[in-house]
Amino acid sequence: MNKIMIVMGSKSDWPVMKEACLLLEELDVPYSRDVVSAHRTPEHLFDFAKNASSVGRKVIIAGAGGSAHLPGMIASLTSLPVIGVPIKTSKLSGVDSMLSIVQMPPGVPVGTMAINGAKNAALYALAILAISDEIIKEKLEEYRKNQTDTVMSDRKLVI
C-alpha cells in the first residue's frame, strides 16, 4: 500500500495538487490520490479517514479551496499527520482556504502549506516518512542536493 495519500475536494483542485504528484513521481515514491469532498461525499470522507491507517497510509495531503473543511475533517478522524494545501480561490485568492485550514482548534492539528503549496506538501510528507524510511531519506537528500547544485551553478552565471 502507498504510504502517501493525496486527496482533494474536487477535480478543480487537480491543477494544484498535480504538483505534489509530479514531485513524488520524479522521486519514484508511490502514492495514491482521490477526490474526497467534505460536503458532497461525507460518508466517503469518514470511511477514508477512519480507515487510512489500517490500510497502510502514513501521511495524508489534503487540498481544498473555499471553506476548505477537508483537511480539518480528515484530521479530526485520524491520528495520521495531515498536511493541508489551501487552494487559491477566485473570490479571496485562497486566503479563505488558508484560514480555514490553519485555524484548527487545539487537539486537531493540520500542517498547513502556503496557498497552492502542493509541491512543498509532498516534500514535507517525504520528510515525515524519512524519519523511519532510509530509502525515502536518501531520495529527499538527493533532491535537496540537486536543488543546491542548481542554485550554485546559476549563481556562477550571475557573479
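Data block above holds the structure.
Residues numbered from 1 in each chain as written. Predicted model: local features only at pLDDT ≥ 70, side-chain atom pairs only at ≥ 80, totals over all residues. Heavy atoms only, no water.

> Can you lay out the nonpolar core for me, pointing to particular residues and giving the numbers?
Ranked by internal contacts, the top residues of the largest apolar core, which has 29 residues, are Ile-4, Ile-6, Met-17, Leu-24, Ile-61, Val-85 and Leu-126. Elements with a minimum of two residues in this core: strand S1 (4-8), helix H1 (14-26), strand S3 (59-64), strand S4 (82-86), helix H5 (118-130) and helix H6 (134-158). With eight residues, the single largest contributor to this core is H5. For Ile-6, the contacting residues outside a window of four places in its chain are Met-17, Ala-20, Cys-21, Leu-24, Tyr-31, Ser-32, Arg-33, Asp-34 and Ile-61. Of all hydrophobic cores here, the second largest spans 21 residues; its members include Ile-60, Ala-62, Ala-64 and Val-110. (Core = buried A, V, L, I, M, F, W, Y, C linked by side-chain atoms within 4.5 Å. Buried < 20%, exposed > 50% of the residue type's maximum accessible area, 1.4 Å probe, protein only. Helix = DSSP H or I, 4+ residues; strand = E, 2+ residues; numbered from the N terminus. Contact = heavy atoms within 4.5 Å.)

> Pulling in residues and values, what's your account of H6?
Along its 25 residues, H6 runs 36 Å from first to last C-alpha, staying within 8% of the 36 Å computed at 1.5 Å per residue. Listed as buried for H6 are Ile-136, Leu-140 and Tyr-143. At its buried positions, H6 is contacted by H1 and H5. Here H6 starts with a cap whose side-chain oxygen sits 3.1 Å from the backbone nitrogen of Ile-135, and that cap is Asp-133. (Expected span 1.5 Å × (residues − 1). Polar contact = N/O pair within 3.5 Å; in protein donor to acceptor, adjacent residues only side chain to side chain.)

> Can you explain the pairing of S3? Please cite residues and give values.
Among the six residues that make up S3, six are buried, leaving the element largely enclosed by the rest of the structure. Looking at chain direction, S1 and S3 are connected through five bridges and run parallel. Residue Val-7 lies in a different strand from S3, and its bridge partner there is Ala-62. Where S3 lies against S4, five bridges are found, and the strand directions are parallel. Each residue of the ladder has a partner; that of Ile-61, found in S4, is Ile-83. Of the crossover connections in this fold, the one passing from S3 over helix H3 (residues 70-77) to the parallel S4 is right-handed. (Pairing = 2+ DSSP bridges. Right-handed = clockwise from strand over helix to strand, strands pointing away.)

> So, the pattern of salt bridges: which residues are in play, and what are the values?
According to the stated counting rule, one finds two salt bridges in the structure shown. With its nearest N and O atoms 3.0 Å apart, the salt bridge here joins Lys-3 to Asp-133. Remark: Asp-133 occurs in the loop between H5 and H6 and Lys-3 occurs in the segment before S1; sequence separation between them is 130 residues. Residue classification places Lys-3 among the partly exposed positions, given a relative accessible area of 33%. For Asp-133, a relative accessible area of 15% gives the class buried. Measuring nitrogen to oxygen at the nearest pair gives 2.7 Å for the salt bridge that ties Lys-145 to Asp-149. Of the two residues, Lys-145 and Asp-149 both sit in helix H6, four residues apart, roughly one turn of that helix. Judged by its relative accessible area of 44%, Lys-145 falls in the partly exposed class. (Salt bridge = Lys/Arg side-chain N within 4 Å of Asp/Glu carboxyl O.)

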